[in-house]
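# An overview of the molecular structure
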Amino acid sequence: MNDIDDTQAPLLEHLVELRRRMLLCVVTVFVAFGVSYGFAEQIFAFLVQPLLAAGQDKVIFTQLFEAFFVRIKVAFFAAMMVSFPVLANQLWQFVAPGLYRSEKRALLPFILATPVLFTMGAALAYYVTIPVALHFLLGFEGNFGGIQQEALPSVGNYLSFVMQFLFAFGISFLLPVLLMLLERSGIVTRKQLIGARRYAIVAAFGISAVLTPPDIGSQFLLAIPMILLYELALIGIWFTERKRAKEADAETEASA
């Protein structure tokens, strides 16, 4: 049966339900922010490890309020990470009653895979790409044209640098989820995605050139995983197409 599970609720009830779930999300983020603020120093100590490993043991702040706002940003960054499972669950709980059972079965795996893929991308950025980028960028220290160059990164700039990498890689790793959802909704087909493979490769290198430093190593560390994830999405779509075909054949046999 593909019936929608719950009865249709009036618009006012939907708005009340949406307000309740949004309020719960806001409260969750605020609570997580408060806890994260108390551990902001430890969280920043973790984020700064790649910089220490690259041989840079000093950061500066050039504005009086910069160090304070860095603590705020660190706490908010951690709060969003910690709150994501709750936020995703509330979104699912709000949307699920309006979906057919088959749509629920199709959508739920993607929701579950999203935090896993995002974490994998962020981990690749933290443990591999950021150290490579820092090694390249800090390599410009030393004598240049008779003048001694010394890297003195500001604490705010370093945090923005790290967060840019973590979010860029995390979002990029959601590519299979996006492509499979587009195919599931009928916007694109696997044949179209296969035909667009060459453009996807060019786009992957273009995105990596924008989101990473100008060294070729960092660009390849983002572009190659994106290309592999594109191919992984094509394989996943092939499996889902076979599964849907088998289910359609089973329904046809049952109705015959």
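Because the structure is a prediction, the values reported are computed rather than measured. (Residues numbered from 1 in each chain as written. Predicted model: local features only at pLDDT ≥ 70, side-chain atom pairs only at ≥ 80, totals over all residues. Heavy atoms only, no water.)

Let's shift gears to the confidence of the model for the chain. Considering every residue of the chain, the mean pLDDT works out to 83; 91% of them sit at 70 or more. Here strand 1 (residues 142-144) stands out as the element of the chain with the lowest mean pLDDT, 78, in contrast to helix 2 (residues 40-47), whose mean of 93 is the highest. Confidence drops under a pLDDT of 50 for residues 1-7, and excluding neighbours within four residues, the segment shows 14 contacts in the predicted structure. (pLDDT = per-residue confidence, 0-100. Helix = DSSP H or I, 4+ residues; strand = E, 2+ residues; numbered from the N terminus. Contact = heavy atoms within 4.5 Å.)

Taken as a whole and assessed by the stated rule, the structure comprises 13 aromatic pairs. Pairing Tyr126 with Tyr127 gives two aromatic rings, centres 4.8 Å apart and planes at 85 degrees, and the pair type is edge-to-face. Three or more aromatic residues joined by ring pairs form one cluster here, namely Tyr158, Phe161, Phe165 and Phe169. Stacked on the ring of Tyr37, the Lys or Arg Arg71 has its end atom at 5.8 Å from the ring centre. (Phe/Tyr/Trp six-rings, centres within 6.5 Å; stacked < 30°, edge-to-face > 60°. Lys NZ or Arg CZ within 6 Å of the ring centre and 35° of its normal.)

Here we take up the pattern of salt bridges. Within this structure, the stated rule accounts for three salt bridges. With a shortest N-O distance of 2.6 Å, Glu17 and Arg21 are connected by a salt bridge. Of this pair, Glu17 and Arg21 both sit in helix 1 (residues 11-38), separated by four residues, roughly a single helical turn. Classification of Glu17 by relative accessible area gives partly exposed; the value is 25%. Classification of Arg21 by relative accessible area gives buried; the value is 13%. Three or more residues are tied together by salt bridges with common partners; here these are Glu17, Arg20 and Arg21. (Salt bridge = Lys/Arg side-chain N within 4 Å of Asp/Glu carboxyl O. Buried < 20%, exposed > 50% of the residue type's maximum accessible area, 1.4 Å probe, protein only.)

This next bit is on the environment of Arg190. Considering the arrangement of structural elements, one finds Arg190 in helix 8 (residues 190-195). Judged by relative accessible area, which is 24%, Arg190 ranks as partly exposed. Note: C-alpha distance between Arg190 and Trp238 (48 residues apart in sequence) is 7.4 Å. Ignoring anything within four residues of it in the chain, the contact list for Arg190 reads Glu183, Leu234, Ile237, Trp238 and Glu241.

Attention shifts here to the side chain of Glu183. On the secondary structure map, Glu183 appears in helix 7 (residues 175-184). Glu183 sits in the buried class, given a relative accessible area of 8%. With sequence-adjacent residues up to four places away left out, Glu183 is seen in contact with Val188, Thr189, Arg190, Ile237, Thr240, Glu241 and Arg244.

Glancing now at the side chain of Thr28. Mapped onto the elements, Thr28 comes out in helix 1. Every residue in contact with Thr28, bar those within four places of it in the chain, is listed here: Ser83 and Val86.

A general trend in soluble globular proteins is that nonpolar side chains are found buried together. Counting residues in hydrophobic clusters, the biggest one holds 29 residues, and the most contacted among them are Phe44, Ile130, Tyr158, Phe161, Val162, Phe165 and Leu166. Mapped onto this core, the elements with two or more residues apiece are helix 2, helix 4 (66-95), helix 5 (101-138), helix 6 (155-172) and helix 10 (216-255). Counting residues per element, this core draws most heavily on helix 6, which supplies nine residues. Setting aside its immediate chain neighbours within four residues, Phe44 contacts Val70, Val74, Val155 and Tyr158. (Core = buried A, V, L, I, M, F, W, Y, C linked by side-chain atoms within 4.5 Å.)

Here we come to helix 4. If you check helix 4, its first and last C-alpha atoms are 40 Å apart, about what 30 residues at 1.5 Å a residue would give, namely 44 Å. The sharpest bend along helix 4 reaches about 50 degrees and sits at Ser83, with the proline Pro85 one to four residues further on. (Expected span 1.5 Å × (residues − 1). Bend = angle between axes of the 7 residues up to and from the residue.)

In this section: helix 2. Of all the positions in helix 2, only Ala40, Phe44 and Leu47 are classed as buried. Along the axis of helix 2, the buried positions cluster into a sector of 55 degrees, meaning they face one direction only. (Arc of directions from axis to C-beta.)

Topologically, Leu179 is positioned in helix 7. Sequence separation between Leu179 and Thr189 is ten residues, and the spatial gap between their C-alpha atoms is 9.4 Å. For Leu179, the contacting residues outside a window of four places in its chain are Leu193, Tyr230, Ala233 and Ile237.

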